[in-house]
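Below are the chains, spelled out letter by letter.
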Amino acid sequence: MQEELGRITKKNILTSAWWALAFFAVSGLILLVWRPWLPIKTVSVDSGNIPTETIENQLGIKAGSYRYEVALQEAFLARKLKSKNAKVSQVEMHLSGQKLSIVVSEKINAGFVKLNGHWYQLDSNGNRQSVKEPDGRGPVYSNFQSTSRIKAVAKAVASLDSVIRQDIGEIRFAPDSNNDSKLILIMNDGNTVYASQKTLAEKMRYYAGIAQSMSQNGVVDLQVGSYSYSYGS
């Protein structure tokens, strides 16, 4: 009887030892793949009008931080940043090797778009939030079929000064034979702007000066160069 108990006890000990060995082997393999001790060499931040240094300081993450400070903690870090910075609406983080990319969306109303019968408000990176209807404090996007194009235009609009941004009533995607990324902006001040998607952010910065020099309402063409003419001329 005692010999039998001894054999069972020995077998249990060996089984436990094998399980422990397997556990440590798997843990070691995970650590070798994960490599939490490695420093992050590159941190790229896309945060619109919020300075990169502000984002890094508020997150407590920058080049030289370690992988274990980010990996599996992205949701916690996103909540931390939003609690510290009232301008932040959304945070996306991606850690690949020793590179970390951070995309921060601001709480800027870049406009409204209607998709599949539902209205959405766009933030600075074109992320959508469902709303009942536009509140009149941002442009309405129309004729857009591509989500990526909506995001690109929203980013451009969000980069503009608030005075210009709030003067845009509608943005229409209106490609033609001369410009396959043509946009028509219906301004609240009575003017109409022709622009290109890629140069919208850059050229709309000159709109205020051009509009002030116009004797009457008309068209401001920013597609190639920049010039204006009154309606009917």
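Each value, and the rule that gives it
- Residues numbered from 1 in each chain as written.
- Predicted model: local features only at pLDDT ≥ 70, side-chain atom pairs only at ≥ 80, totals over all residues.
- Heavy atoms only, no water.
- Salt bridge = Lys/Arg side-chain N within 4 Å of Asp/Glu carboxyl O.
- Buried < 20%, exposed > 50% of the residue type's maximum accessible area, 1.4 Å probe, protein only.
- Pairing = 2+ DSSP bridges.
- Helix = DSSP H or I, 4+ residues; strand = E, 2+ residues; numbered from the N terminus.
- Axes fitted to C-alpha atoms, helices over the stretch in contact; angles between N-to-C directions.
- Contact = heavy atoms within 4.5 Å.
- Polar contact = N/O pair within 3.5 Å; in protein donor to acceptor, adjacent residues only side chain to side chain.

A. Just the pattern of salt bridges, in detail. Throughout the structure, instances matching the rule amount to four salt bridges. Between Arg137 and Asp135 there is a salt bridge whose closest N-O contact spans 3.1 Å. Arg137 sits in the exposed class, given a relative accessible area of 61%. The partly exposed category is assigned to Asp135, whose relative accessible area is 37%.

B. Expanded view of the sheet that holds strand S2 (residues 88-96). The three strands are arranged S1-S3-S2 in an open sheet whose pairing can be described as mixed. Either end of the sheet is taken by a strand with one partner, and the two such strands are strand S1 (42-46) and S2. Ignoring which end each strand starts from, the neighbouring axes of this sheet average 15° apart. Summarising the sheet, S1 and strand S3 (residues 99-106) pair through five bridges and their orientation is parallel. Across the sheet, the residue bridging to Thr42 is Lys99, located in S3. With respect to the sheet, helix H2 (residues 52-59) is in contact with S1, S2 and S3, its orientation differing from that of S1 by roughly 115°.

C. A look at the side chain of Ser105. Note on placement: Ser105 falls in strand S3. The class for Ser105 is buried, based on a relative accessible area of 2%. Polar side-chain contacts of Ser105 include one of 3.1 Å to the side chain of Asn125. The contacts of Ser105, once residues within four sequence positions are left out, are Lys87, Val88, Ser89, Gln90, Asp123, Ser124, Asn125 and Asn127.

D. Local environment of H2. All buried positions along H2 are accounted for by Ile55, Glu56, Gln58 and Leu59. Where H2 terminates, the next one or two residues include Gly60, which has phi positive at roughly 75°.

E. Representation of the sheet that holds strand S8 (residues 168-173) in the model. As summarised here, the arrangement of the nine strands in space is S6-S5-S4-S7-S8-S9-S10-S11-S12, forming an open sheet in which the pairing is mixed. At either end of the open sheet lies a strand with only one pairing partner, and these are strand S6 (128-131) and strand S12 (227-230). For this sheet, the mean inter-axis angle between neighbouring strands, taken without regard to orientation, is 25°. Inspection of the sheet shows strand S5 (residues 118-122) paired to S6 by four bridges, in the antiparallel sense. Looking at the pairing, Leu122 lines up with Arg128 of S6. In this fold helix H4 (residues 147-158) packs onto strand S4 (111-115), S5, S6, strand S7 (140-142), S8 and strand S9 (182-187), with an angle of close to 145° to the strand it touches most, S7.

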